[in-house]
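# Topology and contacts: notes
As a plain string of letters, each chain reads:
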Amino acid sequence: METKNFCVALAQSGSGVVVESADMVLLDNNLSSLLKGIESGRLTYINIKKSLLLALSAHVPEMFPFFINIVAELPMPLMSKAFLCLNIGIDIFPVICIGFEKEEDDVMLREPKRRKDDRLFSFRMMFVSYMQYGIWQTMVAYLNNFLIIAEDGFTPDMVFGIKKAWDSKAINDLPDHYNQEWTYYHRKNLEDLGQTAFFNTVVVMQLFNAVMCKTLKNSIFQQGMGNWYLNCSLVFSLLIVVVGVYTPYFNRFFRMVPMPLKLWLVPVPFALWLFAIEEVRKWYMRRLGPGAWLEQISVT
């Protein structure tokens, strides 16, 4: 036993010394339980990766506006209350419930994880969550925000560096692209509408992102939508947004305003585009087989 890397003991037939010194004890004396234990361990490890991938991808569109606000001096697209609502009230439920996802088809066919090389939080995890999912969500959210402001006269080339004048209560004649003069009150109303568009876009993109994170290699059409914990969390998150936007007391608290359906639909094509790219990537990764170059640069 001292020369072995891993020792398994049978609880009902093994001696007390063996049971005490073993790394794993089978209580039912059934060696097939080893496979079930390995499968459960792999499923838990993979689901933690999925939860981490989903949680990290939400950080970019939530934190990036505060950085851009300082550097580019734009009107703030996401206030602190809305930021906390995203983190505590919306993101947390899908992140937890994705842990109940069932195993993928190849979970027992995958190679054992290398303890030194395959970390739970790795460069690949950071790249996919931040540079692939997160940046895409941020770009689409800013696009919707810019569309709102530009539609009312402030084109994107005008909003850079405008923060000081935008937030000044003393300036009530700020001209836009059409030489319309905006008071402080009307500018803040426009800012609230832009914030609502940014907020809703992040939520819609995150709902699609949660569906994409259900699998690391399988197609979502193979996996199905059988995780009802996750399904209910997505519906619940969407209900929180609807209440926050359209209920008079809550929308004043979060500085949001009711917005038309067309603005809700702006992020949908971009989310579907990312979803399609992910499906093609997973299909090609399955086609190449285990250990291929695509699997080595992906989160699996």
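Remember, it's a predicted structure, so these values are computed and weren't measured experimentally.

### Quick notes on the nonpolar core
Core analysis: the largest hydrophobic core is formed by 57 residues, its most contacted members being Phe154 and Phe199. Contributions of two or more residues to this core are made by α2 (32-57), α4 (80-90), α5 (92-97), α6 (123-151), α9 (184-212), α11 (228-246), α13 (261-265) and α14 (267-288). A total of 12 residues in this core trace back to one element, the largest contributor, which is α9. The contact partners of Phe154, leaving out residues within four places of it in the chain, are Ile149, Val159, Ile162, Trp166, Leu174, Pro175, Asp176, Trp182 and Leu190.

### Notes on empty space enclosed by the protein
A water-sized probe, rolled over the atoms, reveals where empty space remains. Going through the model one piece at a time under the given rule, you end up with 3 cavities of 30 Å³ or more. Of the volumes computed, that of the largest cavity is approximately 70 Å³. In this structure, the largest cavity is lined by Leu54, Ile90, Asp91, Pro94, Val95, Val203, Gln206, Leu207, Ala210, Leu234 and Ser237. Sorting the residues of the lining of the largest cavity by element identifies α5, α9 and α11 as the ones contributing at least two each. Per element, the largest residue contribution to the lining of the largest cavity is 4 residues, and it comes from α9.

### A short note on the pattern of salt bridges
Summed over all chains, the structure comprises 10 salt bridges. Among the ionic pairs, Lys50 bridges to Glu104, the shortest N-O distance being 3.4 Å. One end of the pair, Lys50, is in helix α2; the other, Glu104, is in the loop between α5 and α6, and 54 residues separate them in sequence. A single burial state applies to Lys50 and to Glu104, both of which are buried. Close ionic contact of Arg255 with Asp192 constitutes a salt bridge, the shortest N to O distance being 2.7 Å. Placement of the pair is Arg255 in the loop between α12 (248-253) and α13 and Asp192 in helix α9, with a sequence separation of 63 residues. Residue Arg255 is classed as partly exposed on the basis of its relative accessible area, which comes to 28%. A single salt-bridge network, built from bridges that share partners, covers Lys163, Asp167, Lys188, Glu191, Asp192 and Arg255.

### Quick look at the UniProt feature "transmembrane region" (unreviewed entry) in the protein chain
Here, the residues flagged by UniProt with the feature "transmembrane region" (unreviewed entry) are residues 52-72, 78-100, 121-143, 197-216, 228-249 and 261-277. The distance separating the terminal C-alpha atoms of residues 197-216 is 30 Å; by composition the span is 80% helix and 0% strand. Helix and strand shares over residues 228-249 are 95% and 0% respectively, and the end C-alpha atoms of the span are 31 Å apart.

### Some points on the packing of aromatic side chains
The final tally for this structure, using the stated rule, is 16 aromatic pairs. Taking the centre distance of 4.4 Å and the plane angle of 25 degrees together, the rings of Phe100 and Tyr229 count as stacked. Residue Phe100 is found in the loop between α5 and α6, and its partner Tyr229 is found in helix α11; the two are separated by 129 residues along the sequence. Since its relative accessible area comes to 48%, Phe100 is described here as partly exposed. Look at Tyr229 and you get exposed, because its relative accessible area is 52%. On the basis of an interplanar angle of 85 degrees and a centroid distance of 5.0 Å, the ring pair of Phe253 and Phe254 is categorised as edge-to-face. Overall, Phe253 belongs to the partly exposed group, its relative accessible area being 39%.

### Thoughts on unusual backbone geometry
One non-glycine residue, Glu73, adopts positive backbone phi at about 55 degrees. Relative to the helices and strands, Glu73 is located in the loop between α3 (59-71) and α4. The backbone of Asn179 sits at a positive phi, close to 65 degrees, despite the residue not being glycine. As for its position among the elements, Asn179 is in the loop between β3 (174-175) and β4 (181-182).

### As for the packing of α6 against α9
The N-to-C vectors of α6 and α9 enclose an angle of 150 degrees; their axes lie 8 Å apart at closest approach. Taken together, the axes of α6 and α9 lie roughly antiparallel to each other. Handedness of the crossing formed by α6 with α9: right-handed. Seen from α6, the contacting residues are Tyr133, Trp136, Gln137, Val140, Ala141, Tyr142, Asn144, Asn145, Ile148 and Ile149; seen from α9, they are Leu190, Leu193, Gly194, Gln195, Ala197, Phe198, Thr201, Val202, Met205, Gln206, Asn209 and Met212. Grouping the constituent residues of the contact of α6 with α9 by class yields 14 nonpolar, 8 polar and no charged.

### Quick notes on a nonpolar patch on the surface
A cluster of nonpolar side chains, Ile92, Phe93, Ile96, Phe100, Tyr229 and Phe236, forms an exposed patch at the surface whose accessible area comes to about 600 Å². Tallying contributions element by element places α5 first for the nonpolar patch, with 3 residues. Position of Phe236 among the secondary structure elements: in helix α11.

Here is what the cut-offs are and how they apply
- Residues numbered from 1 in each chain as written.
- Predicted model: local features only at pLDDT ≥ 70, side-chain atom pairs only at ≥ 80, totals over all residues.
- Heavy atoms only, no water.
- Core = buried A, V, L, I, M, F, W, Y, C linked by side-chain atoms within 4.5 Å.
- Buried < 20%, exposed > 50% of the residue type's maximum accessible area, 1.4 Å probe, protein only.
- Helix = DSSP H or I, 4+ residues; strand = E, 2+ residues; numbered from the N terminus.
- Contact = heavy atoms within 4.5 Å.
- 1 Å grid on protein atoms, 1.4 Å probe; cavity = no way out; pocket = protein on both sides within 12 Å on 5 of 7 lines; lining within 4 Å.
- Points joined across faces, edges and corners; volume = space filled by probe spheres on them.
- Salt bridge = Lys/Arg side-chain N within 4 Å of Asp/Glu carboxyl O.
- UniProt positions renumbered as here; feature names shortened; annotations may be inferred.
- Phe/Tyr/Trp six-rings, centres within 6.5 Å; stacked < 30°, edge-to-face > 60°.
- Axes fitted to C-alpha atoms, helices over the stretch in contact; angles between N-to-C directions.
- Parallel < 35°, antiparallel > 145°, perpendicular 65-115°, else oblique.
- Left-handed = near helix turned anticlockwise from the far one by under 90°.
- Nonpolar A, V, L, I, M, F, W, Y, C, P; charged D, E, K, R; others polar.
- Patch = residues over 30% accessible without salt bridge, like charges linked within 9 Å, V, L, I, M, F, W, Y side chains within 5 Å.
- Areas by Shrake-Rupley, 256 points an atom, 1.4 Å probe, with all protein chains shown as cover.

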